Amino acid sequence: QVHLVESGGGSVQAGGSLTLSCVASASINSSYCMGWFRQVAGKEREGIVSIDSVGSTNYADSVKGRFTISKDNAKNTLYLQMNNLKPEDTAMYYCAADPYTISVHLDVSRFNYWGQGTQVTVSS
């Protein structure tokens, strides 16, 4: 199995920034599609952004222009730079990997591996 471990969550005021990291047990310099998702209690998991092996990205409208996904293949690490955070961004954030799909997508059901999550809380 591919193990993913997120870190970097915390509490921040609205308008602030945070950077999340996701360390993978396997090389991310492959055909993996990787992404960031978030979820709040009582609501379905929401896709934020994904990135494929060639660097193509797919951002959800809710975070477009504020969040940026990137990766460091040498460190097997995926990042999510979050700027201009809003209270509605408060959620548990998850890193995920889809080893079978090359193209970028935000389909929760197609991501096979998930991290444990890291909490992001944005206060007004």
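Residues numbered from 1 in each chain as written. Predicted model: local features only at pLDDT ≥ 70, side-chain atom pairs only at ≥ 80, totals over all residues. Heavy atoms only, no water.

**So, the sheet that holds strand E3 (residues 18–24)**
Sheet strands pair via backbone hydrogen bonds, and the direction of the pair is either parallel or antiparallel. Strand order in this open sheet of four strands is E1-E3-E8-E7, and the pairing throughout is antiparallel. In this open sheet, the two edge strands, each paired with only one partner strand, are strand E1 (4–7) and strand E7 (67–72). Strand-to-strand twist of the sheet, defined as the mean angle between neighbouring strand axes without regard to direction, takes the value 15 degrees. (Pairing = 2+ DSSP bridges. Helix = DSSP H or I, 4+ residues; strand = E, 2+ residues; numbered from the N terminus. Axes fitted to C-alpha atoms, helices over the stretch in contact; angles between N-to-C directions.)

**Description of the environment of Ser25**
For Ser25, the position within the fold is in the loop between E3 and strand E4 (33–39). Residues Ser25 and Arg110 lie 85 residues apart in sequence; the distance between their C-alpha atoms is 19 Å. Look past the residues within four positions of Ser25 in its chain and what remains in contact with it is Gln1, Val2 and His3. Within polar-contact distance, the side chain of Ser25 engages the backbone nitrogen of His3 at 2.8 Å. (Contact = heavy atoms within 4.5 Å. Polar contact = N/O pair within 3.5 Å; in protein donor to acceptor, adjacent residues only side chain to side chain.)

**Quick word on the packing of aromatic side chains**
Following the criterion strictly, the structure yields four aromatic pairs and no others. Here the aromatic rings of Phe37 and Phe111 are separated by 4.9 Å at their centres, their planes lie at 75 degrees, and the arrangement is edge-to-face. Placement of the pair is Phe37 in strand E4 and Phe111 in the loop between strand E9 (91–98) and strand E10 (113–114), with a sequence separation of 74 residues. The ring of Tyr94 is capped by Arg45, whose NZ or CZ atom sits 3.9 Å from the centre of that ring. A cation sits over an aromatic face here: Arg45 above Trp114, 4.7 Å from the ring centre. (Phe/Tyr/Trp six-rings, centres within 6.5 Å; stacked < 30°, edge-to-face > 60°. Lys NZ or Arg CZ within 6 Å of the ring centre and 35° of its normal.)

**Here we look at the pairing of E4**
Counting buried residues along E4, six of its seven residues qualify, which places the element largely inside the surrounding structure. Direction of pairing for E4 relative to E9: antiparallel, over a ladder of seven bridges. What sits directly across from Met34, in E9, is Ala97. In this sheet, strand E5 (residues 46–51) lies alongside E4 in antiparallel orientation, the contact comprising five bridges. Paired with Arg38 across the bridge in E5 is Glu46. Hairpin connection from E4 to E5: six residues lie between these consecutive antiparallel strands, with Gly42 at a positive phi of about 85 degrees. (Buried < 20%, exposed > 50% of the residue type's maximum accessible area, 1.4 Å probe, protein only.)

That is the geometry; function is a separate question.
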